[in-house]
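Okay, here's what each chain looks like letter by letter:
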Amino acid sequence: MRKADTSNPKSIGKMHHHLVRLAPMALFTLVLGGCATGGAGAFPGLIGPPKVKSQASDAIASFRDLPPAPAGDTAAWWARFSDPILDTLVRDALTESLSVRQANQRVIESRNTGLSTIAGYAPRLNGVLSTDTNFVEEGPKLRTATGTEVGQQTNQSSAARASWEVPLFGRGISAYVGARANDIGAKADLEAAKIAIIGDIAAAYVELRNAQLSVAYLQDDLVRAQRLAVAATARSNAGLISLSEASQAQGQAAAIGERLPDAILRARGALDRLAILRGVMPGSLDQMLAPLDDFAFKTEAPLVDAVPANFIRRRLDVKRAEQNAVLAAAQVGISRADLYPSLSISGSITQLTSLSGGAFTGRIRQGGVSPVLDIPLFAFGQRRAALTTSNARFQQALLQYRSATLNAVAEGQAALTGYDQARNRAMAGLDTERAAGVRNNATRAAYDAGIVSLRDRLEAERDFASARQTRLSTQAQYSEAAIGLYRTFAGAPGL
């Protein structure tokens, strides 16, 4: 570094003269850096990150199955189930769920990582203050500027040091594109975590209510079966029916009692799963989620956007795959820039002051500017290999982006078909339960009148209990299909 004494006006003038001489070089560097950063300067198509084409433009015209309802606001889709308890669970989970909180921290991490990367190409200015003390233990004394001998001298040095690596040949824009892709991808992950936790809580809530109703139905079936078994035993003792028929009634009651513990365990498991999803201790939600006598599954058709191009744009996994491709493209831009020269400029202004001992008189100011041009001449193909590697990773990211798009469209088709078939299955299950209920009531009346046998009565009871459990299961599957449709089509919760 060239030093210049700036303690007097002449030295200041010389320093100014040097800076004026360097000004055209700095101006040329800025212009070149701006052109190169934009990717359209003297090296079009060779610098900066490559473009990532959106896959939405290649989407099919329409889905195979038409949506069940026109598009609408799906930001709070769980509210369409009209269940205040579910609404409370979801809204609390959006702020307290461990997965959502972790995703939010990843957003903060990626945003600040990007800021740190971009800031690396900004000019840096550091201030340094140091004090040096020299003293004599043995031997000749130290001399001051006036020739006086002293035993100790203390000098202070203060400096301002600036440095800048000029982001030439697309380095700056590549760093910015990569940082922005990281930020957008992390935000997409956060929204995906929200959708996942909402869908998981809604599905677990449906499973809980299904298990609780199944327990209630089994308990009701058990009471009727036990009453029928007692009556059958009395008739058998009176010689009105055979012992075999009475044993059949007792066996049917025992079979219902055998299924009841599994249903209770399933309800307890759903309770614990909901608590974990909410981020609270298992058991703390038991009172809030107590069984409801009047609970009914919501079967209203959800509102979805059935335009495939819009659907692809809203899919967060597709957006994440797109940003991964953009991030890989940014790395290609940086690898391209590494093939070209790099320029860094550093400068400093230093002031020396003698605090005691008088090593020199007055103050000494020194300044200097040092531009450094680093030109890659021969690296045994290392930088070319790095560029080839970056290009290969970029192509892999593009293929993954394409694969995510195709899988999203297939998932959308499957969600629409699944919802449609779940609705048909639920309606069939309801019709089957109605028919079994009519038959059961008629058989009960006929049995009381002595028209049909106990075997017919037991068969009708068994068929009605089975049809009711099947209807309960198909209704739960219908609600789960609606949740799956929302999860697939709704996009970001927007909360």
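The rules behind each value
Residues numbered from 1 in each chain as written. Predicted model: local features only at pLDDT ≥ 70, side-chain atom pairs only at ≥ 80, totals over all residues. Heavy atoms only, no water. Helix = DSSP H or I, 4+ residues; strand = E, 2+ residues; numbered from the N terminus. Buried < 20%, exposed > 50% of the residue type's maximum accessible area, 1.4 Å probe, protein only. Contact = heavy atoms within 4.5 Å. Areas by Shrake-Rupley, 256 points an atom, 1.4 Å probe, with all protein chains shown as cover. Salt bridge = Lys/Arg side-chain N within 4 Å of Asp/Glu carboxyl O. Pairing = 2+ DSSP bridges. Axes fitted to C-alpha atoms, helices over the stretch in contact; angles between N-to-C directions. Parallel < 35°, antiparallel > 145°, perpendicular 65-115°, else oblique. Nonpolar A, V, L, I, M, F, W, Y, C, P; charged D, E, K, R; others polar.

1. Observations regarding the overall build of the protein
So, step 1. Across its full length, the protein holds nine helices and six strands.
So, step 2. The burial tally for the protein puts 40% of its 495 residues in the buried class.
So, step 3. Counted over contacts in the protein with a minimum sequence separation of 6, partners at least 24 positions apart contribute 83%.
So, step 4. Taken as a whole, the protein presents about 26400 Å² of accessible surface, with 56% of it coming from carbon and sulfur.

2. Notes on the pattern of salt bridges
A side chain of one charge can pair with a side chain of the opposite charge when the charged atoms of the two come close.
So, step 1. Under the definition given, this model contains 23 salt bridges.
So, step 2. Residues Asp189 and Arg320 are paired through a salt bridge, measuring 2.7 Å at the closest nitrogen-oxygen approach. You can see Asp189 sitting in helix 4 (residues 171-237) and its partner Arg320 sitting in helix 7 (residues 316-337), a full 131 residues away along the chain.
So, step 3. Residue classification places Asp189 among the partly exposed positions, given a relative accessible area of 28%.
So, step 4. Salt-bridge contacts for Arg487 lead to Asp200; the nearest nitrogen and oxygen are separated by 3.2 Å. Here Arg487 is found in helix 9 (residues 454-489), whereas its partner Asp200 is found in helix 4, with 287 residues between them in sequence.
So, step 5. Classification of Asp200 by relative accessible area gives partly exposed; the value is 24%.
So, step 6. Linked by salt bridges that have partners in common, Asp220, Asp221, Arg224, Arg444, Arg457, Glu461 and Arg468 make up one network.

3. A closer look at the environment of Gln156
So, step 1. With respect to the element layout, Gln156 can be found in strand 4 (residues 152-166).
So, step 2. Distance from Gln156 to Leu352, taken between C-alpha atoms, is 5.8 Å for residues 196 residues apart in sequence.
So, step 3. Excluding its chain neighbours within four sequence positions, the residues that come into contact with Gln156 are Leu129, Ser130, Thr131, Gln351, Leu352, Thr353 and Leu355.

4. Looking at the sheet that holds strand 4
So, step 1. Here four strands make up an open sheet; going across it, the order is 1-4-5-6 and the pairing antiparallel. Because the sheet does not close on itself, it has two edges, and the strands there are strand 1 (124-135) and strand 6 (363-374). On average, adjacent strands in this sheet sit at an angle of 15° to one another, irrespective of strand direction.

5. With respect to the packing of helix 4 against helix 9
So, step 1. Put simply, helix 4 and helix 9 touch, their axes get as near as 9 Å, and they point 175° apart. Between helix 4 and helix 9, the interaxial angle falls into the category roughly antiparallel.
So, step 2. Looking at the contact of helix 4 with helix 9, its residues break down into 17 nonpolar, six polar and eleven charged.

6. Quick look at unusual backbone geometry
So, step 1. A positive phi is found at Phe169, a non-glycine position, where the angle reads about 55°.
So, step 2. Note on placement: Phe169 falls in the loop between strand 4 and helix 4.

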